[in-house]
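# Observations on chain architecture
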Amino acid sequence: GTLLFHSIDWVIAFIASRLTLSTISIQTWHSSNWGVAVAVALIWAGIILAVGCGGRAFRVAPLHWLAYALFTFLTLYLASAATVFFNGVYLYYVIAAFAGITVANTIYAFTTRQKLSLAGAALFILAGVSVFYIIFIIFYDIALRYLIIVGIIILLLGFFQLYDATEIIAGTAYGLEGGQSVAGAILLWLDYILIPVRLLEAFTSCLLYT
């Protein structure tokens, strides 16, 4: 459930990014209303913190459904705005590829009743990257170096996503209980934000044990 709801957010972000690239009026709106994007980003982050630190109240019905609905809408807006403010085409490639990887991980989770394994998910992740590579090569004019960069980013984030989802589902992360998959889908975004912190912790640990 956690990966399913999370994949819905990524697919919606992909659709928003695609529509933004092809719609001048949307691009004009974001260019002249950047303050709205900042406010949306703050509310978006606030919902993540509320679910992560707000206790059980934000993790069960009906509040977690309300939080998820609002969070999904804000994710749509942020994906659209980010496509305008950053290098739109390449950001779209990253969003599209990661949406595909998230769906692949979700399919894998539904095909096994056992604990998610790294080896099993690797097949889905690699297959997802390969499919997107083929699509990009056939339908889009994108330099090989960017394909390689996007592929490496997606592979790393894909495996990180799988590991993190396993920890959340098992209840070892954030203290989530069974039936709190909606909250888990939101908290996965918090771990993306904290990736630099996690890398710094891992690097520090290596130095201490060396």
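Just so you know, these numbers come straight off a predicted model, no measurement behind them.

### Re the overall build of the chain
Of the regular secondary structure elements, the chain holds nine helices and zero strands. Starting at the N terminus and ending at the C terminus, the chain contains elements arranged as α-α-α-α-α-α-α-α-α. Excluding contacts between residues fewer than 6 apart, the proportion of contacts in the chain whose partners are at least 24 apart in sequence is 79%. A total accessible area of about 11300 Å² is found for the chain, and carbon and sulfur atoms account for 75% of it.

### Observations concerning the layout of surface pockets
Using a probe with the size of a water molecule, rolled over the atoms, empty space left in the structure can be pinpointed. Within this model, the largest pocket holds a volume of roughly 630 Å³. Along its surface, the largest pocket is lined by 21 residues, and L78, A79, A82, L91 and W189 are the ones closest to its centre. When residues of the lining of the largest pocket are traced back to their parent elements, those giving at least two are α1 (2-22), α3 (34-53), α4 (63-85), α5 (88-111) and α8 (181-193). The greatest single-element share of the lining of the largest pocket, amounting to six residues, is contributed by α4.

### A few points about the nonpolar core
In this structure, W10, W44, I48, F71, I186, W189 and Y192 are the most contacted members of the largest nonpolar core, which totals 35 residues. Setting aside chain neighbours within four positions, we find W189 in contact with H6, D9, W10, W44, I48, F71 and T75.

### Some words on α3
Between the first and last C-alpha of α3 there are 29 Å, a value that for 20 residues agrees with the 28 Å anticipated at 1.5 Å per step. Burial in α3 covers these residues: A37, V40, W44, I47, I48 and V51. Take α3 and look down its axis: the buried residues cluster within an arc of 95°, on one side only. What points out from α3, more than 90 degrees from its buried face, is the exposed set L42 and C53. Where α3 is buried, its residues touch α4 and α8.

### Brief notes about the packing of aromatic side chains
Applying the stated criterion across every chain yields a total of seven aromatic pairs. Centroid distance F5 to Y68: 5.4 Å. Interplanar angle 70°. Geometry classified as edge-to-face. Highlighted residues: F5 in helix α1 and Y68 in helix α4, separated in sequence by 63 residues. By relative accessible area, which is 16% here, F5 ends up buried. With a centroid separation of 5.7 Å and 80° between ring planes, the pair formed by W44 and W189 is classed as edge-to-face. Pair noted here: W44 is in helix α3 and W189 is in helix α8, with a separation of 145 residues, a long-range link. The exposure class of W44 is buried, given its relative accessible area of 12%. Look at W189 and you get buried, because its relative accessible area is 9%. Here a set of aromatic residues connected by ring pairs shows up, and it is made of W10, W44, F71 and W189.

### Describing the packing of α1 against α5
Interaxial distance between α1 and α5 falls to 8 Å at its minimum, and their mutual angle equals 155°. Here α1 lies roughly antiparallel to α5, going by the angle between them. Between α1 and α5 lies a crossing of left-handed hand. Split by residue class, the contact of α1 with α5 holds 16 nonpolar, seven polar and one charged.

Conventions we followed
Residues numbered from 1 in each chain as written. Predicted model: local features only at pLDDT ≥ 70, side-chain atom pairs only at ≥ 80, totals over all residues. Heavy atoms only, no water. Helix = DSSP H or I, 4+ residues; strand = E, 2+ residues; numbered from the N terminus. Contact = heavy atoms within 4.5 Å. Areas by Shrake-Rupley, 256 points an atom, 1.4 Å probe, with all protein chains shown as cover. 1 Å grid on protein atoms, 1.4 Å probe; cavity = no way out; pocket = protein on both sides within 12 Å on 5 of 7 lines; lining within 4 Å. Points joined across faces, edges and corners; volume = space filled by probe spheres on them. Core = buried A, V, L, I, M, F, W, Y, C linked by side-chain atoms within 4.5 Å. Buried < 20%, exposed > 50% of the residue type's maximum accessible area, 1.4 Å probe, protein only. Expected span 1.5 Å × (residues − 1). Arc of directions from axis to C-beta. Phe/Tyr/Trp six-rings, centres within 6.5 Å; stacked < 30°, edge-to-face > 60°. Axes fitted to C-alpha atoms, helices over the stretch in contact; angles between N-to-C directions. Parallel < 35°, antiparallel > 145°, perpendicular 65-115°, else oblique. Left-handed = near helix turned anticlockwise from the far one by under 90°. Nonpolar A, V, L, I, M, F, W, Y, C, P; charged D, E, K, R; others polar.

Geometry only, nothing functional implied.
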